[in-house]
Amino acid sequence: MVRPKRALPRRTSTVGLPRVRSVRRVSGIWPQLFESGFARIPAPVGKQVCNRLYRALDAYVEVARRRPDNSPVHEEARRWFERRPDWKFYRGAFAPYFKGANADTHGTDRKQTFQLSEMYYRFLSEQRAELFDGDEFRNLVDGAMAALYSVHAAIQPLVAELNGPAPQLHRALSPVGALPPVSLRLLRYEHSDVLGIRPHVDKSGLTVILDSDDPPDQPNLILGPLNAVEPVELSSFVPALKGEKEALVFFGAGLPAAGFKQCAPLPHTVAAVKTAVRHSAVFHWFLPSLDTDAFETSVQVI
């Protein structure tokens, strides 16, 4: 059956969220983001920091394979969080999980993923402090939390540049008196002959690709065309070239879903991983109170 063509981004609920008709007089990285869909910035965390996080993730993957009983902790955390009065505010970022320990599937999504937010760290500290007795888990969580704080501190001034020329967009990303919903995601892809992940756009407002251990001139991350009409030709995706001391910033689907149509989300995917293992580190800045569960983020390709 031939599927009808459709344009990105898709709409979802926008109740209680601001809308703007135009973004004017922006400066810094923002003109490039609006025009080309992505921008390069100095890396908020260094290569050595990311390499330590990758080693911590590798170590924890081995522990999780031996003791798969740890996985229910993440569901317990979600239930704890959903009982809190502020869960709707932070729910975009609060997707704590570790999944894919065995990666015994064939084809796409042969990977392990660990995601951390401040709320998840708070849950672990208050409710499951005994988990920190294990060196592998403690090293992973403490290292990821320190990196999350550092990256947020580096990205916040960039968001603050919007305050004058685009105050509604700034307010959408910067709630008063509260930490924005931000998270750090570590990914570990295993060797595969097909795409490492299905083509998609992110659910975030902003995504920052902090690092990967790809060769600088042969990145596995590939970017699709902006404002494409689906289905998109996979041949139109291009490698996401950046320097070792650079990070890549682009919009997710959260901003257009909240009414900021100029902030087109960037389709992307990961090419087949030919090495034994590939790692990457990604920072997400979500919009407060936006229901990301309602999003359809997959991108149809041909």
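Just so it is clear, the model here is predicted, and its values are computed rather than measured.

## Quick word on the side chain of S280
Link 1 in the chain: As for its position among the elements, S280 is in strand β13 (residues 277-285).
Link 2 in the chain: Among residues more than four places away in sequence, those in contact with S280 are Y54, R185, L186, L187, Y189, D211 and S212.

## Re the sheet that holds strand β12 (residues 268-270)
Link 1 in the chain: Taken together, 4 strands build an open sheet; the order of strands is β6-β12-β8-β10 and the sheet is antiparallel. The open sheet terminates on both sides in strands that have one partner only, identified here as β6 (197-200) and β10 (238-239).
Link 2 in the chain: Here 2 bridges tie β6 to β12, and the two strands are oriented antiparallel to one another. Within the sheet, the bridge partner assigned to I197 lies in β12 and is V270.

## What about the pairing of strand β4 (residues 111-117)?
Link 1 in the chain: Burial runs high along β4: 7 of the 7 residues are buried.
Link 2 in the chain: Here β4 shows a buried face lined by K111, T113, Q115 and S117 and a second buried face lined by Q112, F114 and L116.

## Description of unusual backbone geometry
Link 1 in the chain: A cis geometry characterises the amide bond from E230 onward to P231, with omega recorded as 0 degrees.
Link 2 in the chain: Within the secondary structure, P231 sits in the loop between β9 (229-230) and β10.
Link 3 in the chain: Even without being glycine, N227 reaches a positive phi, approximately 55 degrees.
Link 4 in the chain: Residue position: N227 is located in the loop between β8 (221-223) and β9.
Link 5 in the chain: Phi at S289 takes a positive value of approximately 70 degrees, unusual for a residue other than glycine.
Link 6 in the chain: Its place among the elements puts S289 in the segment after β13.
Link 7 in the chain: The class of S289 is partly exposed, set by a relative accessible area of 38%.

## Let's talk about the nonpolar core
A general tendency of soluble globular proteins is for nonpolar side chains to be buried together.
Link 1 in the chain: Ranked by internal contacts, the top residues of the largest apolar core, which has 74 residues, are F114, Y120, L124, I155, L169, L173 and F283.
Link 2 in the chain: At 11 residues, the largest contribution of residues to this core is made by helix α6 (residues 135-160).
Link 3 in the chain: Contacts of I155, omitting those with residues within four sequence positions, involve I41, P44, V208, F283 and W285.
Link 4 in the chain: With 13 residues, the next largest nonpolar core counts Y189, I209, A240 and L266 among its residues.

## Quick look at the packing of helix α5 (residues 118-127) against α6
Link 1 in the chain: The contact between α5 and α6 brings their axes to 11 Å, and the two run at 140 degrees. The chirality of how α5 crosses α6 is left-handed. The segment α5 lies against α6, with E118, Y121 and L124 engaging F137, V141, D142, M145 and L148.
Link 2 in the chain: A class-by-class count of the residues in the contact of α5 with α6 yields 6 nonpolar, no polar and 2 charged.

## Structural notes on the packing of helix α2 (residues 47-66) against α6
Link 1 in the chain: Running from amino to carboxyl end, α2 crosses α6 at an angle of 145 degrees, the nearest separation of the two axes being 8 Å. Two packed elements cross with a definite hand, and for α2 against α6 that hand is left-handed. Contacts from L53, A56, L57, A59, Y60 and V63 of α2 reach α6 at E136, F137, N139, L140, G143, A144 and A147.
Link 2 in the chain: Looking at the contact of α2 with α6, its residues break down into 10 nonpolar, 2 polar and 1 charged.

## Observations regarding the pairing of strand β5 (residues 182-190)
Link 1 in the chain: Buried residues dominate β5, accounting for 8 of its 9 residues.
Link 2 in the chain: The pairing of β4 with β5 spans 7 bridges and is classified as antiparallel. Its bridge partner being in β5, Q115 is matched across the sheet by R185.
Link 3 in the chain: Pairing of β5 with β13 involves 9 bridges; the strand directions are antiparallel. By the bridge assignment for β13, S183 is matched with H284.

Calculation criteria
One numbering rule holds for all chains: residues counted from 1, following each sequence as written. With pLDDT at 70 or above as the cut-off, local features in this predicted model cover only qualifying residues; side-chain atom pairs require 80 or more to be listed or tallied, and sums for whole chains, interfaces and linings still use all residues. Side-chain numbers here rest on the full set of heavy atoms in the structure, without hydrogens or water. For helices the rule is a DSSP run of H or I covering at least 4 residues; for strands it is a run of E covering at least 2, with both sets numbered from the N terminus onward. Contacts: residue pairs with any heavy atoms within 4.5 Å of one another. Strand pairing follows a simple DSSP-based rule, namely that at least 2 bridges must link the two strands. Burial status follows relative accessibility: with a 1.4 Å probe on protein chains alone, a residue under 20% of its type maximum counts as buried, one over 50% as exposed, and anything between as partly exposed. Only buried Ala, Val, Leu, Ile, Met, Phe, Trp, Tyr and Cys residues count toward a nonpolar core, and they belong to the same one when joined by side-chain atoms within 4.5 Å. To get an axis, a line is fitted to the C-alpha atoms, and for a helix only the part in contact is used. The angle between two axes follows their N-to-C directions and goes from 0 to 180 degrees. Crossing chirality is assigned from the near helix's rotation relative to the far helix, an anticlockwise turn below a right angle marking it left-handed and a clockwise turn marking it right-handed. Residue polarity is assigned by list, with Asp, Glu, Lys and Arg as charged and Ala, Val, Leu, Ile, Met, Phe, Trp, Tyr, Cys and Pro as nonpolar; anything else, Gly included, falls into the polar class.

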